[in-house]
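# Results of the structural survey
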Amino acid sequence: METNIISELNKHLQKESCIIYRLPRDGKLMFCSIKRSIEVTHKDFDHYLDLQGFFLFPFDTTSEKAWWFETNVNQFEPENKSFPKLTAVQNETVICGNTFETYTQQFKKMAKALEEETVQKVILSRRIQVEQNLIPHLAKIYLNLCRTASNAFVYLLNTPQTGIWIGASPEILLDKTDDTVTTVSLAGTRRVYDSEMDKWGGKEQEEQQMVSNYIDELLTRSKINNYKKIGPSVVKAGNVTHLKTLYSFPYSNIENKTGEFIEQLHPTPALCGEPKEKAMQLIRDTESHKREYYGGFLGPVNRDGLHLFVNIRCMKTNQKHSTIFAGGGLTRRSVLQEEWDETILKSHMMLSAIEQSLQQSQA
Ligand SMILES: C=C(O[C@H]1C=CC=C(C(=O)O)[C@@H]1O)C(=O)O
């Protein structure tokens, strides 16, 4: 059966452009062919809400384009949904990326801005490169991600405009199902094995609280008073856990102004920082890479719903190499080595999926 899915995936990947996605906790793989690619902005966002398509927005709309892809969608339901567990990464020698020295300099620059209270929180990200052509293995990598990250939105996107991206995001940006809108405040990271609430330190609770405060303020400013808030609770995302607060409110609050609302919501302090503009500038001045679509958002839309996820735990790939993006929230309480280790931890789900697929290909 698995060979079947892999050959379906490979067939689909032969196309010049395509998108494959699986919604969280869903057994169905959605295969989308792209009929049209249209450059969009937040302003014309609502125009596309009744059509069948897929949005892709970058982290920073001043440096990359945002897209709406009109799609034809076919559903594929694999029979075997009980996926085995992945092995841990064994061969770390294939990887390289920002050195610890570069990361240290960037951390120090951000720590100074935190110390001087220019910002209260800022996200420092880095890239981890795999020096290998992973394109022949993408179908297997994708399935391996579906196995490990059952709570995540798992996608694979290939378009001439954006290149190939693959990821398994645990973070909803905005979901609209049956006239209810959901968003989340997700932040703070720990290994899966120490996931009980009382093990969470002040730094993680504080950084997640900053995201919640930001959402609370936005909802109040937008005069959305009838919202429900649940959490924070501990949620699992592959090999890590996060703190999550769930927000929901009736769609009527943002009807005809969903794009405008999203423009204010994204990027939250889970990906940018607090205050937003200063954190954004600090990221532009400090990181030596462009985030491109990492930290942006993406997901399908049609008349029945809108499912947007923040593009984290993702990788961009081409025939020469692949780049995994991983970041973490810095506050005044951040410790250099712990933040560096956290980026390694966050990249492990993708690295394990790669490693496993390479082993499967050799077997
Ligand atoms: C920025 C990332 O994660 C965000 C989401 C959850 C927890 C995070 C944290 O603990 O720092 C980040 O805010 C990433 O995975 O690259």
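The chain goes by Isochorismate synthase in an unreviewed UniProt entry, where it is assigned to Alkalitalea saponilacus.

### Concerning the nonpolar core
Core analysis: the biggest nonpolar cluster contains 72 residues, and Tyr21, Phe45, Phe55, Val122, Leu174 and Phe261 have the highest contact counts within it. Leaving out residues up to four positions away in the same chain, Val122 has contacts with Met110, Leu114, Cys272, Gly273, Ala279, Leu282, Ile283, Gly328, Gly329 and Leu330. Counting residues in each nonpolar core, the second largest holds 34 residues, with Cys18, Ile128, Leu134 and Leu145 among its members.

### A few points about the side chain of His12
Along the chain, the position of His12 falls in helix α1 (residues 2–13). Within the structure, His12 has its side chain in polar contact with the side chain of Lys15 (distance 3.1 Å). What His12 contacts, discounting residues up to four positions off in sequence, is Cys18, Ile19, Ile20, Phe31, Cys32 and Ser33.

### Structural notes on empty space enclosed by the protein
Vacant regions in the atomic arrangement are exposed by a probe of water-molecule size rolled over the atoms. Taken as a whole, this structure holds 5 cavities of 30 Å³ or more when the rule is applied. The volume enclosed by the largest cavity comes to roughly 220 Å³. The wall of the largest cavity is formed by 22 residues, among which Ala270, Arg313, Gly327, Gly328 and Lys346 lie closest to the centre. Of all the elements in the fold, those that place two or more residues in the lining of the largest cavity are β6 (121–130), β10 (180–191), β17 (322–330) and α7 (336–362). Per element, the largest residue contribution to the lining of the largest cavity is 5 residues, and it comes from β17. Among the residues making up the lining of the largest cavity, the classes are represented as 10 nonpolar, 6 polar and 6 charged.

Basis of the calculations
Residues numbered from 1 in each chain as written. Predicted model: local features only at pLDDT ≥ 70, side-chain atom pairs only at ≥ 80, totals over all residues. Heavy atoms only, no water. Core = buried A, V, L, I, M, F, W, Y, C linked by side-chain atoms within 4.5 Å. Buried < 20%, exposed > 50% of the residue type's maximum accessible area, 1.4 Å probe, protein only. Contact = heavy atoms within 4.5 Å. Helix = DSSP H or I, 4+ residues; strand = E, 2+ residues; numbered from the N terminus. Polar contact = N/O pair within 3.5 Å; in protein donor to acceptor, adjacent residues only side chain to side chain. 1 Å grid on protein atoms, 1.4 Å probe; cavity = no way out; pocket = protein on both sides within 12 Å on 5 of 7 lines; lining within 4 Å. Points joined across faces, edges and corners; volume = space filled by probe spheres on them. Nonpolar A, V, L, I, M, F, W, Y, C, P; charged D, E, K, R; others polar.

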